[in-house]
Amino acid sequence: MVNLKTFAFCGASLIALATPAYAQQAEPGVNDAADIIVSARRRDERLQDVPSVVNAIPAETIAKLNIQDAKELQSLVPGLQLRSEANGIGASGQLRGIQYDINSSASPSVAFYLNDAPIGANVMLGQMFDIAQVEVLRGPQGTLRGASVPSGSITYTTRKASLSEVGASASASYSDAHHINVNAALGIPLIKDMLALRVAGVYDKNRGNLVTSNAPISTATFANPQIAQPYAKTYAGRVSAVFQPTDWLKVEGMYQHQDYRSGGFDQYASFSLVQPSATPSPVLITPGDFRSIWESPRVAHSVFNTYNWRGEVRFAGQKLVYQGSHNSFVNDSKVNQDVANFRSNFDFYQTNRTVSKDNSHEIRLQNEERVADLFDYIVGYYHTDAATDIDLIQETPVALPGFLGGGIQAVAQTPITRNRDGKNSENAFFGNVTAHLGDKLQISAGARHIKAHSPRTLLVLGANSVLFDAGGDDKAWIYTGSVQYKVNQDLMVYASTGTSFRRTMVRMRGTP
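Just so we're clear, the structure is a prediction, and the values are computed from it rather than from any experiment.

Participant: Report on the overall build of the protein, specifying residues and quantitative values.
Facilitator: Each helix and strand counted, the protein has two helices and 28 strands in total. Among the 512 residues that make up the protein, the fraction classed as buried is 46%. Considering only residue pairs separated by 6 or more positions, the protein has 67% of its internal contacts joining residues 24 or more positions apart. Counting only carbon and sulfur atoms, one obtains 57% of the accessible surface of the protein, whose full area is about 24400 Å².

Participant: Account for empty space enclosed by the protein, with residues named and values stated.
Facilitator: All chains considered together, the criterion is met by three cavities of 30 Å³ or more. Its volume calculated, the largest cavity comes out at about 70 Å³. Leu 114, Val 123, Met 124, Gln 127, Met 128, Phe 129, Ile 131, Arg 238, Gln 256 and Gln 258 are the residues that line the largest cavity. Only helix 2 (121-124) and strand 16 (249-264) provide two or more residues apiece to the lining of the largest cavity. Taken together, the residues of the lining of the largest cavity sort by class into six nonpolar, three polar and one charged.

Participant: So what's going on with the packing of aromatic side chains? Residues and values would help.
Facilitator: The final tally for this structure, using the stated rule, is six aromatic pairs. Ring centres of Tyr 255 and Tyr 307 lie 4.8 Å apart, and the angle between their planes is 35°; this geometry places the pair in the tilted category. Remark: Tyr 307 occurs in strand 18 (residues 298-315) and Tyr 255 occurs in strand 16; sequence separation between them is 52 residues. You can call Tyr 307 partly exposed: its relative accessible area is 37%. Geometrically, the ring pair formed by Phe 304 and Phe 329 is stacked, given 4.9 Å between the ring centres and 15° between the ring planes. Within this pair, whereas Phe 304 is found in strand 18, its partner Phe 329 is found in strand 19 (residues 318-336), the two being separated by 25 residues in sequence. With respect to class, Phe 304 is no different from Phe 329; both count as buried. Just above the ring of Tyr 231 sits the side chain of Lys 233; from NZ or CZ to the centre is 5.8 Å.

Participant: Tell me about the side chain of Ser 425, and please be specific about residues and values.
Facilitator: Within the secondary structure, Ser 425 sits in strand 23 (residues 424-437). When residues no more than four places from it in sequence are discounted, the contact partners of Ser 425 are His 383, Thr 384, Asp 385, Lys 451, Ala 452, His 453 and Arg 503.

Participant: Lay out unusual backbone geometry in plain terms, naming residues and giving numbers.
Facilitator: At Asn 115, a position not held by glycine, the phi torsion is positive, near 50°. With respect to the helices and strands, Asn 115 occurs in the loop between strand 7 (110-114) and strand 8 (117-119). Phi angles above zero are rare outside glycine, and Ala 316 is one such case at about 50°. Note that Ala 316 resides in the loop between strand 18 and strand 19.

Participant: Go over the pattern of salt bridges with me, naming the residues and quoting the values.
Facilitator: Taken as a whole, this structure holds 24 salt bridges when the rule is applied. The partner of Arg 298 in a salt bridge is Asp 266, and the shortest N-O contact between them spans 3.2 Å. Of this pair, Arg 298 sits in strand 18 while Asp 266 is found in the loop between strand 16 and strand 17 (291-292), placing the two residues 32 residues apart along the sequence. We classify Arg 298 as buried; its relative accessible area is 15%. Across the pair Glu 368 and Arg 314 runs a salt bridge, and its minimum N-O distance is 3.0 Å. Taken together, the positions of Glu 368 in the loop between strand 20 (349-367) and strand 21 (375-399) and Arg 314 in strand 18 put the pair 54 residues apart, joining distant regions of the chain. Assessed through its relative accessible area of 41%, Glu 368 is described here as partly exposed. Relative accessible area serves as the criterion here: at 26%, Arg 314 is assigned to the partly exposed category. Residues joined by salt bridges that share partners form a network here, namely Arg 42, Asp 116, Arg 145, Arg 310, Glu 312, Arg 314, Glu 362, Arg 364 and Glu 368.

Conventions adopted
Residues numbered from 1 in each chain as written. Predicted model: local features only at pLDDT ≥ 70, side-chain atom pairs only at ≥ 80, totals over all residues. Heavy atoms only, no water. Helix = DSSP H or I, 4+ residues; strand = E, 2+ residues; numbered from the N terminus. Buried < 20%, exposed > 50% of the residue type's maximum accessible area, 1.4 Å probe, protein only. Contact = heavy atoms within 4.5 Å. Areas by Shrake-Rupley, 256 points an atom, 1.4 Å probe, with all protein chains shown as cover. 1 Å grid on protein atoms, 1.4 Å probe; cavity = no way out; pocket = protein on both sides within 12 Å on 5 of 7 lines; lining within 4 Å. Points joined across faces, edges and corners; volume = space filled by probe spheres on them. Nonpolar A, V, L, I, M, F, W, Y, C, P; charged D, E, K, R; others polar. Phe/Tyr/Trp six-rings, centres within 6.5 Å; stacked < 30°, edge-to-face > 60°. Lys NZ or Arg CZ within 6 Å of the ring centre and 35° of its normal. Salt bridge = Lys/Arg side-chain N within 4 Å of Asp/Glu carboxyl O.

Right, here's the structure in full:
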């Protein structure tokens, strides 16, 4: 069985302008809420007209603040926490205090989207390039877009090629902390007003957490990793195309490749700094030294391939949209397990290889012209499936007891594999209706029916198999609703509520 958890939130706000917290520092008019157009409700509208908390970060702000790493966005959005693990696998977002740990196998509490399609946090929480706008949406999601999550969604929209004009951009930066970043983009209309192409890329190299090791270093290899300096390197490129042969048909496609490599050490400080009575360290290390006692670093190599496509058909004041995506991810990492440097010139490791693939398909129908001059609506179907295979090799030192002379005689290697009988999948139908009662009052309600499937999962430890998850199916309904009243152009009152559904994995012991 799979556990079902439902979350509900309710709130009311009185706002003068729904502007991001950083707007006061911008030049007059640049980040005014009246000028920012968002798609929080799956249609373009002014930020100040949306009855929810939305932080919009346009390309102009990203450029002005020289934001390169996506995790830096958390400094602009109150309450947002973005995290990437050093192994290159775990990454997550946190809003409204709801924690998420990728190792728990639960569904994320914050969903990430690239060009309207769901995508993993580990893909997005790296180097940003050629981004048109980022929107952070708070509260339960699922009756308007993608997956059901309790805390919120973060959507990234890339710059699109112009059908009529050539466009180009480039920037480069260097810091005295050995950080180099170069990115560029070029858009070309291949057939004027019909077909356009845009190419963009980034190269970024830095010293990671800047922590070096006190231990002796040797030649770097993945099998026996040793490095003189910590590092993080990103190579990424994106190709996108827009095809619009008529006013009623538009097709978009995108391919993105990212290659990320890193190596580094965890930072240490001498215990005697906080406990003077403790035995002094052989070498005193203070926090300001940025030093480690590891003899071998943690190294990781991640490769992401992202395919994203979209089709739009307009007819009789309506719009039919199909959005699809395919993402693949391969991670190889090796981590030193002798974190206390218990024995000199001897390390043992955990080696990991993770291969993940996921697909998503969404088709929705929505109005462009208000129905009966009163209603806006969206109805749709959403499907996603994902499969992840994990292979570990855990090394364990084998030591003789003291009366036999002691000492480590060998290192045992235990292969650990997680195998699934199929894919995690979700199928859902959703809909949302907004009634415009005059120029000031809006009432909105949405619902979504979810059917989720988890396959049986086996955990293979050496020669033994354990039933890690019995799998199963779950069904759930979620709901959202809001009421908003616009007092005037600068003042709006609203209240909203919503529920959410998250799957969690049930671990079971036994031999299948």
